[in-house]
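Chain residues, written in single-letter form:
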Amino acid sequence: EEKNMFSPKIIPFEEGWNNEIKAKAIDILEEMLNNGFDRRSQQLFAPKEYVQTYTTCYNMCTQRSPYNWSEQLYQRHGETICNYLNETVLPALKNKRSEYLLKELTERWNNHKIMNKWMQKFFMYLDRYYVKHHSLPTLDVAGLKHFKNLVYGEVKKEAVGAILTMIDTERDGAMIDRDLVKNCVELIEAMGMGSLDSYCADFEEELLNATKEYYKRISQAWIESDDTPTYLEKAEKALEAEKQRVANYLNSSSEPKLLRVCESELLEKRETSLLEKDGSGCRALLANDRANDLARMFRLFSRVPNGLPPMAALVKAHIEAMGTDIISRREQRLENGEKDTNQDPALVKELLALHDKYLAVVAQQFSGNSLFQKALKEAFVEFVNHDVGKFSNAELMSSFCDRILKSGGEKLSDEEIEAYLEKTVQLFSYLTDKDLFAEIYRNQLAKRLLNQRSASDDAEKLMIGKLKLRCGSQFTGKMEGMLNDLAIGVDHQQDFDQHLPKLGQDKIPEFSVQVLTTGYWPSFHAIEPRLPNDMIHCTNIFKEYYDKKNSKRRLAWMYSLGNATIKASFFPQPKKDNKPTTKNYDLQVSTLQAVVLLAFNVAGDSSEDHRRQNNTDWSYDSVRQAVNIPDEHLKRVLHSLACAKHKILSKTPPGNAIKSTDTFRVNAAFSCPMRKIRIPMANLDESHNPKRVEEDRTVAIEAAVVRIMKARKTLDHQQLLAEVLSQLSFFRPNPKVIKRRIEALIDREYLERDPDLPNAYRYLA
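Residues numbered from 1 in each chain as written. Predicted model: local features only at pLDDT ≥ 70, side-chain atom pairs only at ≥ 80, totals over all residues. Heavy atoms only, no water.

Trainee: An account of the overall build of the protein is needed here, citing residue identities and associated values.
Mentor: The helix and strand inventory of the protein stands at 31 helices and 9 strands. Based on the C-alpha atoms only, the size of the protein along its principal axes is roughly 170 × 65 × 60 Å. Relative to its full complement of 765 residues, the protein shows a buried share of 44%. For the protein, contacts bridging at least 24 residues in sequence account for 72% of all contacts bridging at least 6. Within the structure as shown, the protein displays about 41,200 Å² of accessible surface, and the carbon and sulfur contribution to it stands at 49%. Here the protein contributes 109 positive and 110 negative side-chain charges, whose respective centroids are spaced 5 Å apart. (Helix = DSSP H or I, 4+ residues; strand = E, 2+ residues; numbered from the N terminus. Buried < 20%, exposed > 50% of the residue type's maximum accessible area, 1.4 Å probe, protein only. Contact = heavy atoms within 4.5 Å. Areas by Shrake-Rupley, 256 points an atom, 1.4 Å probe, with all protein chains shown as cover. Lys, Arg positive; Asp, Glu negative; His and termini not counted. Charge placed at Lys NZ, Arg CZ, Asp CG, Glu CD.)

Next up, the structure:
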């Protein structure tokens, strides 16, 4: 008895297996699985029953050799599971199809998981030592493998087909048992033993192929029956549904692959047809302002590799067509006889409205995408630089700004002025010849400032600031200089006004002088008229004062820019029995007009008798000798005085053109209801000096060439050309012009031709 206490009775293998393990545990387990049990209760075996079986296994595994049954038990564990799968599970699945197969399969899989769990619990001691020492699969893994090899391998093809059929049914709008699909997918995932290999190889690949076929078929039907917006709406919903499908019952790693297949079939392969569909493609949507549809089109095609460039190309073509149409309408108006002037606010406003509209479309519908910004820019560059008529678009834009900034121009609030200027500067940024705009703008700015026609200093500074922001200070330096001259001029004038009384001279007409810095202002015609004595006296006084203040500076008088107010008295022929009457006016005129009018005061005599007799006829030549103004300017001055609305002079023969054979006299019968009269005159200077623009360009090209060559030392012609063009931002010169400038620099020994390389240059220090 003592011996029995320390060495328990040896359990023979078959006895232990049949009487204990099989009878008290495995048979009961199989019985329960076959006949059903309460799934909610986790415990199929009470702890006492389970421990009893565990102990039997433990004892059988810990007996001394040759009675250690570990190996035999491990083997039996596997055989038990395999037998059950072969004899019970496979026959149950055999004749089932489609959804019934899936239901049975998931049912059997759930049973298998329970069986596997309990089998592992009963034989747990094997896992601890025997499995570890012999590097065998754990009981749990072994159980899974048996299911995979015997059951899953047998039914997977049929099962995957059934799942895909259910998915297609759901795509067609029917309800399906999603939980069933989810359970089947989880089963397939489990067959990967911790990896997604089975899921990818057995299921996902088939899913992607089936999806491709499904959407290939469906997209063909849609493209035949639907317009583009309807198609895209359906496509967007389909993509959303696929995304949701993954969330509902597929593995999340499938989402990008699944969506990629859908995008390829629904969008990528149909893109050209959708974008170019008659009546509903991209250009039709733009033409009809279909904002939501455009936004959807952008959203969807941005998901596709290279989906946006074809769309951007159509957007560019559409904007270009709209802009070209605006320019063509101007051309048509001119052909129909409308006068060609540098004022066409309607055209500029149409271009601004077009730009506003598509700037908003790019920002809102296309999320500010750079491809569409580029399309907008390229389209505008195309037609904004297409000039029709005598005046370039640069000049029309500059004149539009002039009209806004001039007093007496458009009646606008400060906010409206700023908005218009900002938009015009945006339009200006598309001009190739920005330097031409600058030159014209500077000339118009000069006229506004010198004729006191600028509505607001702040607005002028604002506009120059906007140009400076776009093009840098080099571009606006002269304009800023002009404003600065006038600001300093106010202080100078006050100083001069204080200086005048000190001279002790009585009869000095009231006058002011504006000093301009030659480099900042446009070049004006230097005219040297024969001035009346009063004016000569004024200029001398100022010259003396200025020379004392600034000994290093030389004054040059620009009479073509000055203005004056002249008191005029007219003596119309009295009617019978009426006393003679005198009519007095204040004439606001330019300095040159004043010089001509004062010449008609005979010999400068201002006595009343003389003026009463001042009805002498003056020939054109005698006027010219009296005032010494060149013909082209004198004719304009006389035209303003004798042919315009206010005829201060009468001309013989009457007519609208001034000829050198005409004669002139004071129009004694002149009459006007207003006392103050402004007498406008045709401009003496053109809007810009093309020669000056050309000279500035020459300097800019040469400077760029020298800069580049100094840094690079040697370059071939094509490279140099490309670099020069990339550096010149304010205009685009013709390559021939650059070639001529290079040759000029070779002549002046800045560069030389490379003796070793054809078509290459070297820098000469």
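Trainee: Account for unusual backbone geometry, naming residues and giving values.
Mentor: Of the consecutive residues Ser 65 and Pro 66, the connecting peptide bond is found in the cis state with omega at 5 degrees. Checked against the element boundaries, Pro 66 lands in the loop between α3 (47-62) and α4 (70-93). Of the consecutive residues Thr 652 and Pro 653, the connecting peptide bond is found in the cis state with omega at -10 degrees. Within the chain, Met 193 stands out as a residue other than glycine whose phi angle is a positive 55 degrees. Secondary-structure assignment places Met 193 in the loop between α9 (178-190) and α10 (197-225). When its relative accessible area of 30% is taken as the criterion, Met 193 is described as partly exposed.

Trainee: Any details on the pattern of salt bridges? Residues and values, ideally.
Mentor: Tallying each qualifying case throughout the model produces 57 salt bridges. Among the ionic pairs, Arg 330 bridges to Asp 344, the shortest N-O distance being 2.9 Å. Taken together, the positions of Arg 330 in helix α16 (residues 308-335) and Asp 344 in the loop between α16 and α17 (345-364) put the pair 14 residues apart, joining distant regions of the chain. In this pair, the class of Arg 330 matches that of Asp 344, namely buried. Arg 741 is paired through a salt bridge with Glu 702; the nearest N and O atoms lie 3.1 Å apart. Within this pair, whereas Arg 741 is found in helix α31 (residues 735-747), its partner Glu 702 is found in helix α29 (residues 690-712), the two being separated by 39 residues in sequence. (Salt bridge = Lys/Arg side-chain N within 4 Å of Asp/Glu carboxyl O.)

Trainee: Got a sec to walk through the state of the cysteines? Specific residues and values, please.
Mentor: For the coordinates displayed, the defined rule picks out 0 disulfides. We note that Cys 82 lacks a disulfide partner, and the nearest cysteine sulfur, in Cys 57, lies 17 Å from it. (Disulfide = S-S within 2.5 Å.)

Trainee: How would you sum up the sheet that holds strand β5 (residues 663-666)? Please name residues and give values.
Mentor: Spatial strand order, β3-β5-β4: 3 strands in an open sheet with antiparallel pairing. Each edge of the open sheet is held by one strand with a lone partner, namely β3 (618-619) and β4 (649-652). Relative to β5, β4 runs antiparallel, the two being bridged by 4 bridges. If you follow Lys 651 over to β5, its bridge partner there is Phe 664. Most of the contacts of helix α28 (residues 631-642) go to β4, to which it runs at about 110 degrees, and overall it touches β4 and β5. (Pairing = 2+ DSSP bridges. Axes fitted to C-alpha atoms, helices over the stretch in contact; angles between N-to-C directions.)

Trainee: Please give an account of the packing of aromatic side chains that cites residues and values.
Mentor: This model, assessed by the stated rule, comprises 31 aromatic pairs. Pairing Phe 428 with Phe 437 gives two aromatic rings, centres 4.8 Å apart and planes at 45 degrees, and the pair type is tilted. Aromatic ring contacts, followed pair by pair, group Phe 496, Phe 511, Phe 542, Tyr 545, Tyr 546, Trp 557 and Tyr 559 into a single cluster. Lying across the ring of Phe 428, Lys 434 places its NZ or CZ 6.0 Å from the centre. Directly above the ring of Tyr 441 sits Arg 448, whose terminal nitrogen or CZ lies 5.4 Å from the centroid. (Phe/Tyr/Trp six-rings, centres within 6.5 Å; stacked < 30°, edge-to-face > 60°. Lys NZ or Arg CZ within 6 Å of the ring centre and 35° of its normal.)

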